[in-house]
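# Inside the fold
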Amino acid sequence: MKNIMKSIWYEILRSKLMIRIYIIFILFIVLTTVLNVGDSVQEGHTSGMLAGNPNITYEIQLFVLGFVVALICGEDYKDKVANYEVMSGHSRISIFFARSLMGIIAGTIMAEILSFVPIITGILIDGWGSELVLSDILIRHLLFIFPYLRLAAFFALLTYLVKNPYVIMAAAFLIATLSVLIIGMVEHSKSFFVSLFNFVLLTNYDGWSIYNLDPEKGIVKYFSYNSSVSSEMIIGTIVVSLIMTGIYLFMGYALFRRDELN
């Protein structure tokens, strides 16, 4: 299992396609942040931008997560590498967990890094502001790790079911593209059991707003937010995500161990 994971890590480092696509998405998120920061109705620098556009920290990242997991867990179905690994004496359980864990961990880390790109870029360009408390936001975004883990395990399960990494990439693209629409339909959902809803909870800042009339600026809006993190949010996100990740891994192995690998 350790040797398989080392070989996968070596493949990741040598994968020009993955690295290039990842750099492209970093640049795209930086550009998106530059266009949004300081231009929000809150006029609250980076904190105002995040309050008004919370999906900038996880929307595109969902596609990257699915892309990485599908590439690591599903690329073997094209060149039959797993067949050689079985013939070399590796057990199916070691092959499954080596590829699944590498895909899930690598995808989660890469998506999590992208989630912080808007925060870092916004602070460097326009400062943080005062709408949200920075320490609270850092905690919330560190908690992103757990729904990312859960969703990555789900993508891995789908990969072993469909046996085509490109289908999973397309599914991840649809989820990322339609996430705003889906979230709008379930805006008041308090569920921890769906990763997308979990992201909504982690980026939902309770608050209120008023407006004033200015002779020069016209209508000026003022916003106040509560970005504090409750113990329920922390425990619910961690516990449910770890349970669902375990369930998806169990289901994925149940499929993989019966697969003829052809």
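Structural data are supplied above this passage.
As the structure is a computational prediction, the values presented were derived from the model and not from experiment. (Residues numbered from 1 in each chain as written. Predicted model: local features only at pLDDT ≥ 70, side-chain atom pairs only at ≥ 80, totals over all residues. Heavy atoms only, no water.)

### As for a nonpolar patch on the surface
Applied cut-off: Only residues whose relative accessible area exceeds 30% and that form no salt bridge are eligible for patches; like-charged ones are grouped when within 9 Å, while nonpolar side chains (Val, Leu, Ile, Met, Phe, Trp, Tyr) are grouped when within 5 Å. Per-residue and other accessible areas follow the Shrake-Rupley method at a 1.4 Å probe size, with only the shown protein chains counted as cover for residues. Just to be clear on terms, a salt bridge is a Lys or Arg side-chain nitrogen sitting within 4 Å of an Asp or Glu carboxyl oxygen. The secondary structure listing takes helices from DSSP runs of H or I that are at least 4 residues long and strands from runs of E that are at least 2 residues long, numbered from the N terminus.
Residues Ile-235, Val-239, Ile-243, Ile-247, Phe-250 and Met-251 make up a contiguous nonpolar surface patch of roughly 580 Å² in combined accessible area. Relative to the helices and strands, Ile-247 is located in helix 12 (residues 231-256).

### Thoughts on the packing of helix 2 (residues 16-36) against helix 4 (residues 59-74)
To keep things clear, this is the line we draw: Axis lines are fitted through C-alpha atoms, for helices just across the contact stretch, and the angle between N-to-C directions can take any value from 0 to 180 degrees. The cut-offs work like this: below 35 degrees is roughly parallel, past 145 is roughly antiparallel, 65 to 115 is roughly perpendicular, and the gaps in between are oblique. We call two residues in contact whenever any of their non-hydrogen atoms come within 4.5 Å of each other. Classification used: nonpolar for Ala, Val, Leu, Ile, Met, Phe, Trp, Tyr, Cys and Pro, charged for Asp, Glu, Lys and Arg, polar for all others including Gly.
Contact pair helix 2 / helix 4: the axes reach a minimum separation of 11 Å and the direction vectors enclose 175°. In terms of axis orientation, helix 2 runs roughly antiparallel to helix 4. Side by side, helix 2 and helix 4 meet where Met-18, Ile-21, Tyr-22, Phe-25, Phe-28 and Ile-29 of the first sit next to Ile-60, Gln-61, Phe-63, Val-64, Phe-67, Leu-71 and Ile-72 of the second. Here the residues of the contact of helix 2 with helix 4 sort into 12 nonpolar, one polar and no charged.

### Details of the side chain of Thr-203
Put simply, the rule reads: Using a 1.4 Å probe on the protein chains alone, a residue whose accessible area is under 20% of its type maximum counts as buried, one over 50% counts as exposed, and one in between counts as partly exposed.
With respect to the helices and strands, the residue Thr-203 is situated in the loop between helix 11 (195-202) and strand 1 (206-214). Among the residues examined, Thr-203 registers a relative accessible area of 7% and is labelled buried. Ignoring anything within four residues of it in the chain, the contact list for Thr-203 reads Pro-54, Thr-57, Tyr-58, Arg-140 and Phe-144.

### Observations regarding the environment of Leu-50
Tracing the chain through its elements places Leu-50 in helix 3 (residues 45-52). Separated by 82 residues in the primary sequence, Leu-50 and Leu-132 have C-alpha atoms spaced 8.6 Å apart. Leave out the neighbours within four places in its chain, and Leu-50 touches Ile-56, Thr-57, Ile-119, Trp-128, Leu-132, Ile-137 and Tyr-205.

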